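Coordinates in review
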Amino acid sequence: MFKHYEAMQIKSEDKKGRRADMSKFAMYGRLTASPGKREELASLLLEASRSLKDMAGCELYIINESVDDPDTIWVTELWSDAEAHANSLKNEEVLAVIQRARPLIAGAEQVRLRPVGGKGLDV
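As a further point, take the layout of surface pockets. In this approach, a probe sized like a water molecule rolls over the atoms, and the result shows the empty space that is left. The space that makes up the largest pocket amounts to roughly 520 Å³. Along the wall of the largest pocket there are 22 residues; nearest its centre are Leu45, Tyr61, Leu89, Ile98 and Gln110. Going through the elements one at a time, β1 (25-33), α2 (38-51), β3 (72-79), α3 (82-88), α4 (92-101) and β4 (105-113) are the ones with two or more residues in the lining of the largest pocket. In the lining of the largest pocket, the residues fall into 15 nonpolar, 4 polar and 3 charged.

See below:
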């Protein structure tokens, strides 16, 4: 069984076929808004995205509304590395938006990822 998964493993390679060293950090966040509060929560998250415009290390921060669930928002994040993401959570503007958003959130989960390449991601 393990060999089956090894065969399926996707590897990021440079132009000479060597595995690329990827230190980038990505995360998907799934936020469940309190019923009827998704639009307000999305607005706050968009405000947060504007505060990240000039933040070092933030390469992508996209707010997505679920098509199938009226209370779910997905946040797609890409950072230069995990440290840059951690530093963003110390920013006063970001912390203020998080505090304002907390009452609107009924649930949250995070998926932490290490990008290995693909369209739009230089390795």
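Counting 13 residues, the largest nonpolar core has Leu31, Leu41, Leu44, Leu45, Ile63, Ile73 and Val75 as its most contacted members. Elements supplying a minimum of two residues to this core: β1, α2, β3 and α4. Ranked by residue count, the leading element in this core is α2, at 5 residues. Those residues in contact with Leu45 that sit more than four places away from it in its chain are Leu31, Tyr61, Ile63, Ile73 and Val75. Counting residues in hydrophobic clusters, the runner-up holds 8 residues, among them Met55, Cys58, Trp79 and Val94.

Before going further, it helps to spend a moment on the environment of Gly107. Summarising the element assignment, Gly107 is placed in strand β4. The partly exposed category is assigned to Gly107, whose relative accessible area is 24%. Sequence separation between Gly107 and Ala33 is 74 residues; the distance between their C-alpha atoms is 7.0 Å. Setting aside its immediate chain neighbours within four residues, Gly107 contacts Arg30, Leu31 and Thr32.

Spatial ordering of the open sheet is given by β2-β3-β1-β4, a layout of 4 strands whose pairing is antiparallel. What marks the edges here is a single partner per strand, and that holds for β2 (58-65) and β4. Each adjacent strand pair in this sheet contributes to an overall mean axis angle of 15°, direction not counted. Where β1 and β4 come together, 8 bridges link them in antiparallel fashion. Bridge pairing links Leu31 to Ala108 in β4.

Turning next to the pattern of salt bridges. For the coordinates displayed, the defined rule picks out 5 salt bridges. When the shortest N-O distance is used, the salt bridge between Glu59 and Lys24 registers 2.9 Å. Of this pair, Glu59 sits in strand β2 while Lys24 sits in the loop between α1 (2-8) and β1, and the two are 35 residues apart along the sequence. Glu65 is the salt-bridge partner of Arg38, the closest N and O atoms lying 3.6 Å from each other. Of this pair, Arg38 sits in helix α2 while Glu65 sits in strand β2, and the two are 27 residues apart along the sequence.

About the cut-offs
- Residues numbered from 1 in each chain as written.
- Predicted model: local features only at pLDDT ≥ 70, side-chain atom pairs only at ≥ 80, totals over all residues.
- Heavy atoms only, no water.
- 1 Å grid on protein atoms, 1.4 Å probe; cavity = no way out; pocket = protein on both sides within 12 Å on 5 of 7 lines; lining within 4 Å.
- Points joined across faces, edges and corners; volume = space filled by probe spheres on them.
- Helix = DSSP H or I, 4+ residues; strand = E, 2+ residues; numbered from the N terminus.
- Nonpolar A, V, L, I, M, F, W, Y, C, P; charged D, E, K, R; others polar.
- Core = buried A, V, L, I, M, F, W, Y, C linked by side-chain atoms within 4.5 Å.
- Buried < 20%, exposed > 50% of the residue type's maximum accessible area, 1.4 Å probe, protein only.
- Contact = heavy atoms within 4.5 Å.
- Pairing = 2+ DSSP bridges.
- Axes fitted to C-alpha atoms, helices over the stretch in contact; angles between N-to-C directions.
- Salt bridge = Lys/Arg side-chain N within 4 Å of Asp/Glu carboxyl O.

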